[in-house]
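# Observations on chain architecture
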Amino acid sequence: MISRSIVLACVIACVIAIAGCAAPSPGSAPASATPVATAVETPAAPRVMDHATANVRDGAGRHVGDVTFTDSYAGVIVVGTISGLGLGAHGIHIHEFGKCQAPFTTAGGHFNPDHRQHGFSNPAGPHLGDLPNVDTPAAGPLKFEFVLPNVTLKGKNALLDADGASIVVHSARDDYVTDPSGNSGARIACGVITG
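Residues numbered from 1 in each chain as written. Predicted model: local features only at pLDDT ≥ 70, side-chain atom pairs only at ≥ 80, totals over all residues. Heavy atoms only, no water.

## Quick look at the overall build of the protein
Assigned secondary structure in the protein consists of one helix and nine strands. What you see in the protein, going N to C, is helices and strands ordered as α-β-β-β-β-β-β-β-β-β. When burial is assessed residue by residue, the protein has 33% of its 195 residues classed as buried. Approximately 11,500 Å² of the protein is accessible, and the part contributed by carbon and sulfur atoms is 62%. (Helix = DSSP H or I, 4+ residues; strand = E, 2+ residues; numbered from the N terminus. Buried < 20%, exposed > 50% of the residue type's maximum accessible area, 1.4 Å probe, protein only. Areas by Shrake-Rupley, 256 points an atom, 1.4 Å probe, with all protein chains shown as cover.)

This is the structure we're talking about:
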């Protein structure tokens, strides 16, 4: 029968022998490790989103809302708050010029670079600047969020081009079909879109 001390001595001797084989001999240069090329995936730089804002004022010059515009892969995201326009539905559109002198005809027609007719329900429409109606409460703010597909802040169909653009709120509900503005009534508030 082999004693435990002999087995332990053999194990220690084997470990020393293996370690000695791996260790460099005295006076020799250590073996250099061969570098291994590894592919490191660099994350794509995040897309810098362009932003713009509009300070919306009524015909008397009172501040009635704020709107932000953000480029996205789906189009321009329009987020805003309006108040002080009274209870009811209002057409709201992006207009072709960045000018807002009351009665806001300086904003021009609807943003319509594709030269289509007005209205989501119009077979020849809509304008790229057409937005859904907003229903404002009798008091307090209304928050809204829309997406303008096929529109950018800078680039093709850009709102921030040489003559700018504006957002206009109308006195009545847009019927989504009648050209050129959906029978949405007078322009009661306007904000120039600035980047």
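## Some points on the state of the cysteines
Summed over all chains, the structure comprises one disulfide. Sulfur-sulfur distance for the disulfide between Cys100 and Cys190 comes to 1.9 Å. In this structure, the disulfide formed by Cys100 and Cys190 twists by about -55 degrees around the S-S bond and is classed as left-handed. With Cys100 in the loop between β5 (92–95) and β6 (134–136) and Cys190 in strand β9 (residues 187–194), this pair connects stretches of sequence that are 90 residues apart. (Disulfide = S-S within 2.5 Å.)

## Brief notes about the pattern of salt bridges
Counted by the stated rule, this structure contains two salt bridges. Across the pair Asp58 and Arg62 runs a salt bridge whose closest N-O atoms are separated by 3.0 Å. Between Asp135 and Arg173 there is a salt bridge, and its shortest N-O distance comes to 3.2 Å. One end of the pair, Asp135, is in strand β6; the other, Arg173, is in the loop between β8 (166–170) and β9, with 38 residues separating them in the sequence. (Salt bridge = Lys/Arg side-chain N within 4 Å of Asp/Glu carboxyl O.)

## A few points about the pairing of strand β7 (residues 142–148)
A one-sided burial pattern is seen for β7, the buried positions being Leu142, Phe144, Phe146 and Leu148 and the unburied ones Lys143, Glu145 and Val147. The pairing of strand β3 (residues 75–82) with β7 spans seven bridges and is antiparallel. Considered in β7, the bridge of Ile77 is made with Val147. (Pairing = 2+ DSSP bridges.)

## Concerning the nonpolar core
Within the largest apolar cluster, 28 residues are counted, with the highest numbers of intra-cluster contacts made by Phe69, Val78, Ile94, Leu159 and Ile167. Of all the elements in the fold, those that place two or more residues in this core are β1 (51–58), β2 (63–72), β3, β5, β7, β8 and β9. Once residues within four sequence positions are removed from consideration, Val78 is found in contact with Val67, Thr68, Phe69, Phe144, Glu145, Phe146, Leu148 and Ile167. (Core = buried A, V, L, I, M, F, W, Y, C linked by side-chain atoms within 4.5 Å. Contact = heavy atoms within 4.5 Å.)

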